[in-house]
Amino acid sequence: MSDPDIRQIVKDKYGKAALKVASGGSSCCGSDSDHEADPITSRLYTASETACVPAEAAAASLGCGNPTALAELEAGETVLDLGSGGGIDVLLSAKRVGPTGKAYGLDMTDEMLALARENQRKSGVKNVEFLKGEIEQIPCPTRAWT
């Protein structure tokens, strides 16, 4: 299978997951009882973290970790989340870097970007920008990293 074929499979899967969350479901991780039984993906975010973002941002999480729990983010910094999905890590990071910082989310899936932008709107966080693109070719403004 070629890279474009794999990329399309991922886009399809993530697009369907975003649509499922947008219609009131949760991502592919299963029901709450299934999710609690999974030792890798369960309880990635604390109650205080999920309380400060829209429920759809947490429900759309398809990741296998919580990078915001490990990152030592400070006010004024710029953050880039690769494969940002529904935006939970971008929104959490944006709050930590404050209004003088910026948090970017990069995703290749139109449905996830739409969901992330809706989550941003619901959360009221202003220092966030979601970009469409692939990790191999990040369309991020150069000025963001200088």
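Just above, that's the structure.
Thresholds, definitions, all that
- Residues numbered from 1 in each chain as written.
- Predicted model: local features only at pLDDT ≥ 70, side-chain atom pairs only at ≥ 80, totals over all residues.
- Heavy atoms only, no water.
- Helix = DSSP H or I, 4+ residues; strand = E, 2+ residues; numbered from the N terminus.
- Buried < 20%, exposed > 50% of the residue type's maximum accessible area, 1.4 Å probe, protein only.
- Areas by Shrake-Rupley, 256 points an atom, 1.4 Å probe, with all protein chains shown as cover.
- Patch = residues over 30% accessible without salt bridge, like charges linked within 9 Å, V, L, I, M, F, W, Y side chains within 5 Å.
- Salt bridge = Lys/Arg side-chain N within 4 Å of Asp/Glu carboxyl O.
- Axes fitted to C-alpha atoms, helices over the stretch in contact; angles between N-to-C directions.
- Left-handed = near helix turned anticlockwise from the far one by under 90°.
- Contact = heavy atoms within 4.5 Å.
- Pairing = 2+ DSSP bridges.
- Right-handed = clockwise from strand over helix to strand, strands pointing away.

Draft legend 1. Local environment of the overall build of the protein. Of the regular secondary structure elements, the protein holds 7 helices and 3 strands. Sequence-ordered secondary structure for the protein, helices as α and strands as β, is α-α-α-α-α-β-α-β-α-β. Across the 146 residues in the protein, those meeting the buried criterion constitute 38%. Summed over its atoms, the accessible surface of the protein is roughly 8300 Å², and 53% of this surface lies on carbon and sulfur atoms.

Draft legend 2. Molecular detail of a nonpolar patch on the surface. A cluster of nonpolar side chains, Met1, Ile6, Ile9 and Val10, forms an exposed patch at the surface whose accessible area comes to about 390 Å². Judged by its relative accessible area of 74%, Met1 falls in the exposed class.

Draft legend 3. Focus on the pattern of salt bridges. Evaluation of the coordinates by the stated rule reveals 6 salt bridges. Note that Glu134 is salt-bridged to Arg7, the shortest N-O span being 3.5 Å. Taken as a pair, Glu134 in the segment after β3 (128-132) and Arg7 in helix α1 (residues 3-22) lie far apart in primary sequence, 127 residues in all. The salt bridge involving Lys132 is made with Asp110; its shortest N-O contact spans 2.7 Å. With Lys132 in strand β3 and Asp110 in helix α7 (residues 110-123), the pair connects residues that are 22 residues apart, well separated along the chain.

Draft legend 4. Geometry of the packing of α1 against α7. Here α1 crosses α7 at 35 degrees, and the two axes come no closer than 7 Å. The way α1 lies across α7 gives a crossing that is left-handed. Along its contact with α1, which presents Tyr14, Gly15, Ala17, Ala18, Leu19, Val21 and Ala22, the element α7 presents Glu111, Met112 and Leu115.

Draft legend 5. Quick look at the environment of Asp107. In this structure, Asp107 sits in strand β2 (residues 102-107). Residue class for Asp107 comes out buried when judged on its relative accessible area of 4%. With 28 residues separating them in the primary sequence, Asp107 and Ile135 have C-alpha atoms 8.0 Å apart. The residues contacting Asp107, other than those within four sequence positions of it, are Gly83, Ser84, Gly85, Met112, Leu113, Leu131, Lys132 and Gly133.

Draft legend 6. Geometry of the pairing of strand β1 (residues 78-82). Only one face of β1 is buried: it carries Val79 and Asp81, and the other face, with Thr78, Leu80 and Leu82, is open. Alignment of β1 against β2, held across 5 bridges, turns out to be parallel. The partner of Val79 across the bridge, within β2, is Ala103. One crossover worth recording links β1 to the parallel β2 by way of helix α6 (residues 88-97), and it is right-handed.

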